[in-house]
Amino acid sequence: HCVVTITRNSTDFIEPPQPTAAVIKPAVCTVRDVKAYNTVAGALSTSNITRDLNTVEGESWFLTLNSSDQFTLEPGMYKIDALIPAFGVDYSQAMLWSTTNGAIFKNAASLVVNGLTNITQIISMDVPVFTITSSHQFEIKQNCSGSGVSETHAGGAPSSWSGNGSGVKSIYTTVTIQKLK
């Protein structure tokens, strides 16, 4: 018959891990201007033109697409990134416009490509994290200058171009929205 005695020293004790804050995965959705393969994105102008937004993908429970060009976000914390193309222009500028306040919410960097009329400029807009305390309505606006401004191919090739295959959708303005809180 044998007796075993176990004793612990205070130095043998290890604290159990403490609970930490949960990592919250943001809800992410993409709002785009999607058109048929042979349809261009629309007109360009030296004044601000509202870009079309007609398709929502992803987790969009926090967003309402109000028309073919405006979206409303519910109260919360957000991060927005956007790509806004323009074909055949010398200068292009885009902005996130607050229709709720009737003012620019965030300007994007401007692009200048003088003398290169057969290229597509793509403006990248990075809107830093922001919080809204009530529902807020937005749209993407763009203005351009140069010879391509008189044509109707913002973000796309001229209607005479046949490089895009039948049945392949054309994607123009793209806005990615993350709801952080």
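Residues numbered from 1 in each chain as written. Predicted model: local features only at pLDDT ≥ 70, side-chain atom pairs only at ≥ 80, totals over all residues. Heavy atoms only, no water.

Each helix and strand counted, the protein has 0 helices and 12 strands in total. Going from the N terminus to the C terminus, the protein shows its helices and strands as β-β-β-β-β-β-β-β-β-β-β-β. Classification of the 181 residues of the protein by burial places 38% in the buried group. At a minimum sequence separation of 6, the contacts of the protein that also span at least 24 residues come to 75%. About 10200 Å² of surface is accessible on the protein, with carbon and sulfur atoms providing 54% of the total. (Helix = DSSP H or I, 4+ residues; strand = E, 2+ residues; numbered from the N terminus. Buried < 20%, exposed > 50% of the residue type's maximum accessible area, 1.4 Å probe, protein only. Contact = heavy atoms within 4.5 Å. Areas by Shrake-Rupley, 256 points an atom, 1.4 Å probe, with all protein chains shown as cover.)

Looking now at the nonpolar core. Membership of the largest hydrophobic core comes to 24 residues, with the highest contact counts inside it found for Phe71, Leu73, Met125, Val175 and Ile177. Contributions of two or more residues to this core are made by strand S1 (27–35), strand S5 (71–73), strand S6 (76–87), strand S7 (91–98), strand S10 (120–132), strand S11 (136–145) and strand S12 (170–179). At 5 residues, the largest contribution of residues to this core is made by S10. With residues up to four places along the chain from it excluded, the contact list for Ile177 reads Ala27, Val28, Cys29, Val31, Phe62, Leu63, Phe71, Leu73, Tyr78, Lys79 and Ile80. (Core = buried A, V, L, I, M, F, W, Y, C linked by side-chain atoms within 4.5 Å.)

As for its placement among the helices and strands, Gln93 is situated in strand S7. For Gln93, a relative accessible area of 17% corresponds to the buried category. Contact partners of Gln93, with chain neighbours within four places excluded, come to Asn107, Ala108, Ser110, Ile123, Lys141, Gln142 and Asn143.

Where S7 and strand S8 (residues 103–107) come together, 4 bridges link them in antiparallel fashion. Bridge pairing in S8 links Ser98 to Ala103. Turn length for the S7-S8 hairpin, with the two strands adjacent in sequence and antiparallel, is 4 residues, and the turn residue Gly102 shows positive phi of about 65 degrees. (Pairing = 2+ DSSP bridges.)

Right, let's get into the pattern of salt bridges. Summed over all chains, the structure comprises 7 salt bridges. Put simply, Asp52 and Lys35 hold a salt bridge, and the shortest N to O gap is 2.9 Å. With Asp52 in the loop between strand S2 (49–50) and strand S3 (55–58) and Lys35 in strand S1, this residue pair connects regions lying 17 residues apart in the sequence. The class for Asp52 is partly exposed, based on a relative accessible area of 24%. Among the ionic contacts, a cluster of salt bridges with common partners joins Asp33, Lys35 and Asp52. (Salt bridge = Lys/Arg side-chain N within 4 Å of Asp/Glu carboxyl O.)

Looking now at the packing of aromatic side chains. Enumeration according to the criterion identifies 7 aromatic pairs in this entry. Considering the side-chain rings of Phe105 and Phe130, the 4.8 Å spacing of their centres and the 65 degrees angle between planes classify their relative orientation as edge-to-face. One end of the pair, Phe105, is in strand S8; the other, Phe130, is in strand S10, with 25 residues separating them in the sequence. Looking at Phe105, the relative accessible area reads 30%, which means it is partly exposed. Overall, Phe130 belongs to the buried group, its relative accessible area being 10%. (Phe/Tyr/Trp six-rings, centres within 6.5 Å; stacked < 30°, edge-to-face > 60°.)

Turning our attention to the environment of Ala94. Tracing the chain through its elements places Ala94 in strand S7. Distance in space between the C-alpha atoms of Ala94 and Ala108 is 5.4 Å, their sequence separation being 14 residues. Apart from residues no more than four positions distant in its own chain, Ala94 is found in contact with Ile84, Asn107, Ala108, Ile123, Met125, Lys141 and Gln142.

With 73% of its residues at a pLDDT of at least 70, the protein reaches an overall mean of 80. Of all secondary-structure elements in the protein, the lowest mean pLDDT belongs to strand S9 (residues 111–112), at 70, while S5 reaches the highest, 96. (pLDDT = per-residue confidence, 0-100.)

Below, the discussion takes up the side chain of Asp33. Of note, Asp33 is situated in strand S1. Residue classification places Asp33 among the buried residues on the basis of a relative accessible area of 1%. A distance of 3.2 Å separates a polar atom in the side chain of Asp33 from a polar atom in the side chain of Asn54. In contact with Asp33, not counting residues within four places along its chain, are Ala41, Asp52, Leu53, Asn54, Ser170, Ile171, Tyr172 and Thr173. (Polar contact = N/O pair within 3.5 Å; in protein donor to acceptor, adjacent residues only side chain to side chain.)

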